[in-house]
Amino acid sequence: MRTESMPLRSAQDVVIARQTVRRLTQQLAFRLVDQTKMVTATSELARNAVVYGLGGTMVCELLAEGVRKGLRLQFNDQGPGIADVAQAMNDGWTSGKGMGLGLPGAKRLVSHFSIESVLGRGTTVTIVRWN
C-alpha cells in the first residue's frame, strides 16, 4: 500500500488532484469508465473542500485485497462543517450556488462513501472504488 497526500487550497490544486487520481486509476488498470467515475468524484469532493471547506487535503491510498485492487481517497477540511449531513446528501440541496449534486453524485460513482462532519471543525469524506 502506498499513500500520498496533497493540499487542496485552489482551483489549480483541484486540477492536480484530478490528474493524480487519473494516473493512479490507470496504474491500477481501472477500465476507462471507472477511471472517469473516480476522477469525477474527485473533482466534486476536492472542489467542495476548496470552496466550502476553506481548503484541506486529499489523501490517496492504493488498496489490495487478494487479487482485487482499489483506490481510497480521503478529503479533509477544517471548514465550518455541514449542519445537516442527511439533508446535504439529498439531490438538489446546496448551501451555495451549485446544483446540489456534488455529495450525492460522488456517492453514486464509488463502491464506498462515508462522510463525517462536525460544526466548526470540518468535514471528512472517504471514497473507495475497487477494480
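Let me begin by describing the structure that accompanies this report. (Residues numbered from 1 in each chain as written. Predicted model: local features only at pLDDT ≥ 70, side-chain atom pairs only at ≥ 80, totals over all residues. Heavy atoms only, no water.)

**Here's the deal with unusual backbone geometry**
Part 1: Although it is not a glycine, Ala29 sits at a positive phi angle of roughly 60°.
Part 2: Positionally, Ala29 belongs in the loop between helix H1 (11-27) and helix H2 (32-51).
Part 3: The class for Ala29 is exposed, based on a relative accessible area of 54%.
Part 4: At Leu54, a position not held by glycine, the phi torsion is positive, near 60°.
Part 5: Checked against the element boundaries, Leu54 lands in the loop between H2 and strand E2 (56-65). (Helix = DSSP H or I, 4+ residues; strand = E, 2+ residues; numbered from the N terminus. Buried < 20%, exposed > 50% of the residue type's maximum accessible area, 1.4 Å probe, protein only.)

**Details of the sheet that holds strand E4 (residues 112-118)**
Part 1: Read from one edge of the open sheet, 5 strands run E1-E2-E3-E5-E4, paired in antiparallel fashion. Both outer strands of the open sheet, strand E1 (3-8) and E4, are each paired with one neighbouring strand and no more. With strand direction ignored, the average angle separating the axes of adjacent strands in the sheet is 15°.
Part 2: Bridge count between E1 and E2: 6 bridges; the pairing is antiparallel. When the bridges of E2 are listed, Glu4 appears paired with Cys60.
Part 3: Seen against the sheet, H1 touches E1, E2 and strand E3 (68-77) and runs at an angle of roughly 160° to E1. (Pairing = 2+ DSSP bridges. Axes fitted to C-alpha atoms, helices over the stretch in contact; angles between N-to-C directions. Contact = heavy atoms within 4.5 Å.)

**Section: the nonpolar core**
Part 1: By size, the foremost hydrophobic cluster in this structure holds 31 residues, and its most contacted members are Met58, Leu71, Leu73, Phe113 and Ile127.
Part 2: Every element with two or more residues in this core is listed here: E1, H1, H2, E2, E3, helix H4 (102-108), E4 and strand E5 (122-130).
Part 3: Per-element tally for this core: the top contributor is H2, with 7 residues. (Core = buried A, V, L, I, M, F, W, Y, C linked by side-chain atoms within 4.5 Å.)

**A few points about the packing of H1 against H2**
Part 1: For the pair H1 and H2, the least separation of the axes is 9 Å and the interaxial angle reads 155°. Taken together, the axes of H1 and H2 are roughly antiparallel relative to one another. Considering how the two elements wind past one another, H1 and H2 form a crossing that is right-handed. Contacts between H1 and H2 involve Val14, Ala17, Arg18, Val21, Arg22, Thr25 and Gln26 from the first element and Leu32, Gln35, Thr36, Met38, Val39, Thr42, Ser43, Ala46, Arg47 and Val50 from the second. (Parallel < 35°, antiparallel > 145°, perpendicular 65-115°, else oblique. Left-handed = near helix turned anticlockwise from the far one by under 90°.)

Without other data, these values stay purely geometric and don't point to any function.
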